[in-house]
Every structure is written in structure tokens, then in C-alpha cells.
Amino acid sequence: MSFTEKEIESLNKTLKDKNPLEIVQWAVLNAKTPVVTTNFRPYEAAILYVCSKALSDIPVIWCDSGYNTPNTYRHAEEVIKLLELNVQLYVPRQTTAHRDVVMGIPDIEDPKHKVFTEQVKLEPFKRAMADFKPDVWFTNLRKGQTALRDSLDILSMGKDGVLKVSPFYYYSDAELDTYLKENNLPNEFKYFDPTKVLENRECGLHTN
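Please read these numbers as outputs of a predicted model, since none were measured by experiment. (Residues numbered from 1 in each chain as written. Predicted model: local features only at pLDDT ≥ 70, side-chain atom pairs only at ≥ 80, totals over all residues. Heavy atoms only, no water.)

Enquirer: Go over the overall build of the protein chain with me, naming the residues and quoting the values.
Expert: If you tally the helices and strands in the protein chain, you get eight helices and six strands. Helices and strands appear in the protein chain in the N-to-C order α-α-β-α-β-α-β-α-α-β-α-β-β-α. Within the span of the protein chain, comprising 208 residues, buried residues form 49% of the whole. Contacts in the protein chain between residues at least 24 apart in sequence constitute 76% of all its contacts with a sequence separation of at least 6. Carbon and sulfur atoms make up 52% of the accessible area of the protein chain, which amounts to about 10,900 Å² in all. (Helix = DSSP H or I, 4+ residues; strand = E, 2+ residues; numbered from the N terminus. Buried < 20%, exposed > 50% of the residue type's maximum accessible area, 1.4 Å probe, protein only. Contact = heavy atoms within 4.5 Å. Areas by Shrake-Rupley, 256 points an atom, 1.4 Å probe, with all protein chains shown as cover.)

So, in C-alpha cells, the structure goes:
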């Protein structure tokens, strides 16, 4: 699915008045190979809910870094079962135990941190996208999370030609709390991302 910048701008104005499910349904109707990615961090149940409602067997790409908290793994199992998700699991090529011995979790200023991020997050993600070759990628990006994300919108076209769709882009945490409650969806707050350290630091997946 390819659009010009002007078309994207026009569509974003139209879609801003739609609810998240309507946005996803519109995108699914126009997509050939849609996927949704998740790490089961806070509020991820919302994007997984609307995507699975719009397309029950949509591939749910879970790139598990291997450093999730026990709470996150329990939450993931609960959501997978609740929504009957078609999870496609991608993990780093090296085990966490092995990496703990040779590298550990490097500090953000450590040159090894770039290698670490590539190993645990970027390489599994690139492998998943190469396998599925999506034309539409659903994400839970929201305005106010990082400077980069503030420059995006509900729809944005990546350099790789994949249409990124963020149906909850304009939702605040409070609005998402209400959305989860209204739809009887669980949430999770003990998530840990070893590549970010700071909550407002971009993780690297959305810079393409």
C-alpha cells in the first residue's frame, strides 16, 4: 500500500475522526500482508485487541528480547489466550544466559550498547519483517512519547515503503486506561526494556 505525502496528510485528517477499530478495519481492507508487532509493554492489549477484532488471524510478531519481567511474561500469556492471538515469536540468536556472561547489559554510554541493541531488538525485528514482508504495520505509537513520534501521525510511510498505522496515536494514558476498562482488557506496568534505559528514548525500530 503506497501513498504520496499529500495523500497521507489527507487520510490522516479523515482518520482522526474515526475510532481505533475503524482505523484498523480501513487499513486491513486496503492491505495485502498486514502485521502487528508487540512487546507486551503497558497498553499493548489495546492495539492487539483492535487488530485481532479486525482480522482474527493477523500475524502478531512478538520480538522477545529475553529480558522481560516475570510479570510481562504472565501478562503476555494472558493476552495471547484471551484474544486467541496468532503469535509469531522472534528471539535473539544468542541466549540471554550466554550474553550475560560475555557482555551483560551495557550502559547506554558503552560502545557495546549499540551491539547489544542490534542483537536483542533490531536483528530479530529485521528478520521478522523480512519473513513476513508486510505492506501494513500496526503499532501502538502515540504522540508525546518521543520527539520522533511527535513528528508522525496515525499513518506514516516508512523509508522501506511499509505503511505504519498507529490507531491510538492521539490517545493519552488516561484515555487508554478507560479503553482497556471498557473492553475488559488487562494491562501491565512492570515492563523492562534493556535497550532504552530512559522511557523517552527511541528504541530504534521506528527510525526507518
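Enquirer: Residues and numbers for the pairing of strand β3 (residues 86-90), please.
Expert: In the sheet, strand β2 (residues 59-63) pairs with β3 via five bridges, with the strands oriented parallel. If you follow isoleucine 61 over to β3, its bridge partner there is glutamine 88. In this fold, the crossover linking β2 to β3 by way of helix α4 (residues 70-83) has right-handed handedness. (Pairing = 2+ DSSP bridges. Right-handed = clockwise from strand over helix to strand, strands pointing away.)

Enquirer: Before we move on, could you go through the side chain of serine 65 and cite the residues and values that matter?
Expert: Along the chain, the position of serine 65 falls in the loop between β2 and α4. Of note is the side chain of serine 65, whose polar atom sits 3.2 Å from the backbone nitrogen of tyrosine 67. (Polar contact = N/O pair within 3.5 Å; in protein donor to acceptor, adjacent residues only side chain to side chain.)

Enquirer: I'd like a description of the packing of aromatic side chains, backed by residues and values.
Expert: Per the counting criterion, the structure on display carries twelve aromatic pairs. Taken together, a centroid distance of 6.0 Å and an interplanar angle of 85° make the contact between tyrosine 43 and phenylalanine 189 edge-to-face. In this pair, tyrosine 43 is assigned in the loop between β1 (34-38) and α3 (44-54) and phenylalanine 189 in the segment after α8 (173-182), connecting sequence segments 146 residues apart. Looking at tyrosine 43, the relative accessible area reads 6%, which means it is buried. Ring centres of tyrosine 169 and tyrosine 170 lie 4.9 Å apart, and the angle between their planes is 90°; this geometry places the pair in the edge-to-face category. Over the ring of tyrosine 170 we find lysine 16; its NZ or CZ atom is 4.4 Å from the centre of that ring. Across the ring face of tyrosine 43, the terminal group of arginine 142 is positioned such that the distance to the ring centre comes to 5.2 Å. (Phe/Tyr/Trp six-rings, centres within 6.5 Å; stacked < 30°, edge-to-face > 60°. Lys NZ or Arg CZ within 6 Å of the ring centre and 35° of its normal.)

Enquirer: Explain the sheet that holds strand β5 (residues 155-157) to me, using residue names and the numbers behind them.
Expert: Reading across the sheet, the six strands line up as β3-β2-β1-β4-β6-β5 and stay open at both edges, with mixed pairing between neighbours. With one partner strand each, in any of the chains shown, β3 and β5 form the two edges of the open sheet. Adjacent strand axes in the sheet meet at a mean angle of 30°, parallel and antiparallel pairs treated alike. Here helix α6 (residues 112-132) sits on the sheet and contacts β1, β2, β3 and β4 (136-138); the angle it forms with β3, its principal contact strand, is near 130°. (Axes fitted to C-alpha atoms, helices over the stretch in contact; angles between N-to-C directions.)

Enquirer: Can you lay out the nonpolar core for me, pointing to particular residues and giving the numbers?
Expert: Residues Val36, Leu48, Phe138, Leu155 and Val165 are the most contacted members of the largest nonpolar core, which totals 38 residues. Of the residues forming this core, the biggest block, seven residues, is contributed by α3. Those residues in contact with valine 165 that lie beyond four places of it in its chain are Ile23, Ala27, Val136, Trp137, Phe138, Thr139, Ile154 and Leu155. (Core = buried A, V, L, I, M, F, W, Y, C linked by side-chain atoms within 4.5 Å.)

Enquirer: Quick rundown of the packing of helix α2 (residues 20-29) against α3? Include the residues and the values.
Expert: Two elements in contact, α2 and α3, have axes separated by 9 Å at closest approach and are oriented at 50°. The angle between α2 and α3 places the two elements in the oblique class. Classified by chirality, the crossing of α3 by α2 is right-handed. Residue-level inspection shows Pro20, Leu21, Val24, Gln25 and Val28 of α2 in contact with α3, the latter providing Val50, Cys51, Lys53 and Ala54. Looking at the contact of α2 with α3, its residues break down into seven nonpolar, one polar and one charged. (Parallel < 35°, antiparallel > 145°, perpendicular 65-115°, else oblique. Left-handed = near helix turned anticlockwise from the far one by under 90°. Nonpolar A, V, L, I, M, F, W, Y, C, P; charged D, E, K, R; others polar.)

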